[in-house]
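# Understanding the architecture of this molecule
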Amino acid sequence: MAFPVTENGSVECDHHGAVSLLAVSDGRLVLAGGKAVLFAGVLDKPYANCGAPSPPGTCASTLPAPPDSGRAARLTVGGAPVLLDSLTANSLPSATPVKVAAGQSVLTTS
């Protein structure tokens, strides 16, 4: 079981950059006071304040490995899968691990 990620959680690259979860959250599902974050929303969002050395440059997107890692199978908002804290991914282009915190501990799902 995994925890759905809310806007109170975090998705961070290994260089202390973070994806803004406010822009990819959906208020139709609120958990512990935070809107649920949609899976697809974090994949193409850049990491703000990424301190990556150059090259390869600052982290610009997220690549789940395997592709559906962190994608809720049963919990959706408006038909879109919710992001889970079980996401295993790398930031691109640096290929460093991504750290995920749910921001809530009220609900678990798969």
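Shown above is the structure to which this text applies.
In short, a report on the structure.

Reading the values: rules and limits
- Residues numbered from 1 in each chain as written.
- Predicted model: local features only at pLDDT ≥ 70, side-chain atom pairs only at ≥ 80, totals over all residues.
- Heavy atoms only, no water.
- Salt bridge = Lys/Arg side-chain N within 4 Å of Asp/Glu carboxyl O.
- Buried < 20%, exposed > 50% of the residue type's maximum accessible area, 1.4 Å probe, protein only.
- Helix = DSSP H or I, 4+ residues; strand = E, 2+ residues; numbered from the N terminus.
- Contact = heavy atoms within 4.5 Å.
- Pairing = 2+ DSSP bridges.
- Core = buried A, V, L, I, M, F, W, Y, C linked by side-chain atoms within 4.5 Å.

## Focus on the pattern of salt bridges
Applying the stated rule across the entire model yields 3 salt bridges. Measuring nitrogen to oxygen at the nearest pair gives 2.8 Å for the salt bridge that ties Arg28 to Asp26. Look at Arg28 and you get exposed, because its relative accessible area is 62%. With a shortest N-O distance of 3.5 Å, Asp68 and Arg71 are connected by a salt bridge.

## Regarding the environment of Asp44
Turning to its location among the elements, Asp44 is positioned in the loop between α1 (39–43) and β4 (61–64). Separated by 16 residues in the primary sequence, Asp44 and Ala60 have C-alpha atoms spaced 7.4 Å apart. Here Asp44 is in contact with Ala60 and Ser61, once residues within four sequence places are set aside.

## A few points about the pairing of strand β5 (residues 71–77)
Bridge analysis of β5 against strand β6 (residues 80–83) gives 3 bridges, and the strand direction is antiparallel. Paired with Thr76 across the two strands is Pro81, which belongs to β6. Counting the residues in the hairpin turn of β5 and β6 gives 2 residues, including Gly78, whose phi is positive at 60 degrees.

## Side note on the nonpolar core
Ranked by size, the top nonpolar core spans 17 residues in total, and within it Val11, Leu21, Val37, Val42, Tyr47 and Leu83 carry the most contacts. With residues near it in sequence (within four places) discarded, Val11 still touches Gly17, Ala18, Val19, Leu21, Tyr47, Leu83, Val98, Lys99 and Val100. Within the second largest apolar cluster, 10 residues are counted, among which are Ala36, Val77, Val82 and Leu84.

## Quick word on the side chain of Thr109
Along the chain, Thr109 turns up in the segment after β9 (99–101). If we skip the residues at most four places from it in the chain, Thr109 touches Met1, Ala2, Pro4, Leu75 and Leu84.

## As for the sheet that holds β4
Spatially, β4-β7-β8 is the arrangement adopted by the 3 strands of the open sheet, whose pairing is antiparallel. What marks the edges here is a single partner per strand, and that holds for β4 and β8 (96–97).

No statement about biological role is implied by the geometric values presented.
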